[in-house]
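# Chain and residue survey
Given next are the chains, with one letter for each unit.
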Amino acid sequence: MNNAALFESVRLGPYTLKNRIVLPPLTRSRSSQPGNVPNDWMVEYYSQRAGAGFMVTEGTQIEPRGQGYAWTPGIHSQAQIAGWRAVTAAVHARGGVIFSSYGMSGGSRTARCSRAVRRRSRRRRSAPTRSASSSRPHRAKACSPRQANPRR
Amino acid sequence: MLTAPSEPEALTTAGVEDLVERYAQAARNALAAGLDGVELHCANGYLVNQFLSEHTNTRTDRYGGSLDNRLRFLEEIVDAVAGIFGAERVGVRFSPLFESTEEDRVYLGLVESDPHTTYLTAIERLEQAGVAYVSLAEADWDNAPDLPETFYRAVRETFSGCLLYAGRYTPEKALWMRERGYGDLFAFGRPFIANPDLPQRLYHGWPLNDVDPATMYGGTDVGYIDYPTYAEAAAEANIGAAIDAPAEEGSAR
């Protein structure tokens, strides 16, 4: 299979991207606690993947009410901004282009668009089951966030 | 340890206006943090999707009711973020589902009664706003359908910036889209989790590491930054072979 077309360069806004292969937003829930701060692990993770023509960060909350899942990084505190600065510096050093995916989950912790769909809220409170690839733990994890606290 | 989530509450009109400003502040923060742009997350049943969707938006203020009103929050946050980064450094992500699934994941997204019209209207507004790209997250469950080809074509005809597609993409599907001119950029999520050097592996036709579902969400550096590149895995295999060889010859270790 000739996939040369995926390696053509392409313009996106003011940027010239080196290929058409993208790292999409992927929730990994590895930010440091307390404070949901981007850390050395995240710097390494994004730096490793900077061969992508275009990168978008994991979904990031713009304020605490916007967080939908445990240990996702925010972009509202000074510590978080400093953490992201380390990520972007590492990506830029490897010639990457990286946008922030951010917003508000509108989920059970947060302000929503309209009155809650209570049926869904009730499901979220039960213990999350570990089905295959796509279940997301809302609060409980085998590893506590304090164990997962790398040096910043 | 499980904690019970707090009860959600509907935003007041003033609360919505305040949120628009918070999106703007997040853009200032992202700029200070060296990010090259912002992708507004408007997909997967999260807040902006809740405004857009006829199923979840039951508001009676100017942010609810008609499709125009349901698009208002999206337009206001695009405007706010474009004011800081420039529209040419803003993207918007939707999950324009045409079918649902038995899978019980709220965050998959919402299926509008007429997703074609809903999303093309939204994309037309983004064309007018001059944003850099639209990102479309396709259905990504097992055996999920593609979007209708009529939709791919209409999106391309409506939007002149970059189109980024994702959703269990394979190189084959990306090339199919590229040949028809439907998309410009293609995302590969799970393969990129497991293969930090994914572009090189695709370029050379090297095999891919499988993703480990158990370490996708949360945890330590294991399953996060320890997936090997192809070169690292090959070096590891050679080292392993060198250590094994003397034992096979019967010499003491």
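Residues numbered from 1 in each chain as written. Chains lettered and ligands numbered in written order. Predicted model: local features only at pLDDT ≥ 70, side-chain atom pairs only at ≥ 80, totals over all residues.

A few words now on the overall build of chain A. Broken down by element type, chain A carries three helices and seven strands. Counted from the first residue to the last, chain A has its helices and strands arranged as β-β-β-α-β-β-α-β-β-α. Per-residue burial over chain A gives 52% buried out of 152 residues. (Helix = DSSP H or I, 4+ residues; strand = E, 2+ residues; numbered from the N terminus. Buried ≥ 20, exposed ≤ 12 C-beta atoms within 10 Å, placed from the backbone.)

Quick look at the overall build of chain B now. Regarding its fold elements, chain B presents ten helices and six strands. Once the C-alpha set of chain B is aligned to its principal axes, its extents read approximately 80 × 50 × 40 Å. Relative to its 253 residues, chain B shows a buried fraction of 42%. When contacts within chain B are restricted to residue pairs at least 6 apart in sequence, long-range pairs at least 24 apart make up 63% of them. (Contact = placed C-beta atoms within 7 Å.)

Let's shift gears to the pairing of strand β6 (residues 98-103) of chain A. Within β6(A), six of the six residues are buried, which leaves it mostly tucked inside the rest of the structure. When strand β4 (residues 54-56) of chain A meets β6(A), the two strands line up parallel, connected through two bridges. Bridging across to β6(A), Met55(A) finds its partner in Ile98(A). Of the strand pairs in this sheet, strand β5 (residues 60-61) of chain A and β6(A) are connected by two bridges, and their pairing is parallel. The partner of Thr60(A) across the bridge, within β6(A), is Tyr102(A). The parallel pair β5(A) and β6(A) is bridged by helix α2 (residues 78-93) of chain A, and the resulting crossover is right-handed. For β6(A) and strand β2 (residues 37-41) of chain B, the ladder comprises four bridges, and the chain directions are parallel. Across the sheet, the residue bridging to Phe99(A) is Gly37(B), located in β2(B). (Pairing = 2+ DSSP bridges. Right-handed = clockwise from strand over helix to strand, strands pointing away.)

Attention now goes to the confidence of the model for chain B. Residues and elements named next belong to chain B. Per-residue confidence for chain B gives a mean pLDDT of 93, with 94% of residues at or over 70. The model gives residues 248-253 a pLDDT under 50, and that stretch makes three contacts with residues more than four places away or in other chains. Reported confidences for the modelled complex are a pTM of 0.87 and an ipTM of 0.93. (pLDDT = per-residue confidence, 0-100.)

Residue and element names in this part refer to chain B. A rise of 1.5 Å per residue sets the reference length of helix α5 (residues 115-129), with its 15 residues, at 21 Å; its end C-alpha atoms lie 21 Å apart and thus fit the reference within 8%. Every buried residue of α5 is accounted for by Pro115, Thr118, Tyr119, Ala122, Ile123 and Leu126. Looking down the long axis of α5, one finds its buried residues gathered within 120° of arc, a one-sided arrangement. For α5, exposure combined with an orientation more than 90 degrees from the buried face picks out Thr117 and Gln128. Where α5 is buried, its residues meet α2 (47-52), α3 (67-70), α4 (72-85), β3 (90-94), β4 (133-137) and α6 (149-158). Phi for Gly130, located one or two positions after α5, is positive at around 75°. (Expected span 1.5 Å × (residues − 1). Arc of directions from axis to C-beta.)

Turning our attention to the pairing of strand β5 (residues 162-166) of chain B. Residue and element names in this part refer to chain B. Across the five residues that make up β5, a large majority, five, are buried. Burial of β5 is two-sided: the residues Cys162, Leu164 and Ala166 facing one way and the residues Leu163 and Tyr165 facing the other way are all buried. Chirality of the crossover, the property in question, places the unit of β4, α6 and β5 among those that are right-handed. As paired elements, β5 and strand β6 (residues 185-187) share two bridges and run parallel to each other. By the bridge assignment for β6, Leu164 is matched with Leu185. Regarding topology, helix α7 (residues 171-179) serves as the crossover connection from β5 to the parallel β6, and that connection is right-handed.

Our next topic: the domain arrangement of chain B. Taken as a whole, chain B is organised into domain 1 (13-187) and domain 2 (190-253). Just the C-alpha atoms count here: the centres of domain 1 of chain B and domain 2 of chain B sit 35 Å apart. (Domains from an automatic or database assignment.)

This part is about the packing of helix α1 (residues 13-32) of chain B against α4(B). All names here are of chain B. In contact at an axis separation of 9 Å, α1 and α4 are set at 30° when each is read in the N-to-C sense. Considered as vectors, α1 and α4 are oriented roughly parallel to each other. Note on packing geometry: the crossing formed by α1 with α4 is right-handed. Each of Val16, Val20, Tyr23, Ala24, Ala27, Arg28 and Leu31 in α1 lies in contact with α4, whose residues at this interface are Phe73, Glu76, Ile77, Ala80, Val81, Gly83, Ile84 and Phe85. A breakdown of the residues in the contact of α1 with α4 according to their chemical character gives twelve nonpolar, one polar and two charged. (Axes fitted to C-alpha atoms, helices over the stretch in contact; angles between N-to-C directions. Parallel < 35°, antiparallel > 145°, perpendicular 65-115°, else oblique. Left-handed = near helix turned anticlockwise from the far one by under 90°. Nonpolar A, V, L, I, M, F, W, Y, C, P; charged D, E, K, R; others polar.)

Moving on: the interface of chain A and chain B. Where interface size is given, it is often the accessible area lost as the parts come together that is meant. Taken together, the 79 residues of chain A in the interface contact 76 residues of chain B. Elements supplying a minimum of two residues to the side of chain A that touches chain B: β1 (10-12), β3 (21-23), α1 (40-48), β4, α2, β6, β7 (111-112) and α3 (118-125) of chain A. Top element by residues in the side of chain A that touches chain B is β6(A). It accounts for six residues. Its residues placed into classes, the side of chain A that touches chain B shows 40 nonpolar, 22 polar and 17 charged.

Next up on the list: α1(A). Residues of α1(A) that are buried include every one of Trp41(A), Met42(A), Val43(A), Tyr45(A) and Tyr46(A), and no others. Buried residues along α1(A) sit in contact with β4, α2 and β6 of chain A.

Before going further, it helps to spend a moment on the packing of α1(A) against α2(A). All names here are of chain A. For the pair α1 and α2, the least separation of the axes is 8 Å and the interaxial angle reads 25°. Relative to α2, the element α1 lies roughly parallel. Once α1 is placed against α2, the crossing between them reads as right-handed. Seen from α1, the contacting residues are Met42, Val43, Tyr46 and Ser47; seen from α2, they are Ala86, Val87, Ala90 and Val91. Here the contact of α1 with α2 is built from residues that sort into seven nonpolar, one polar and no charged.

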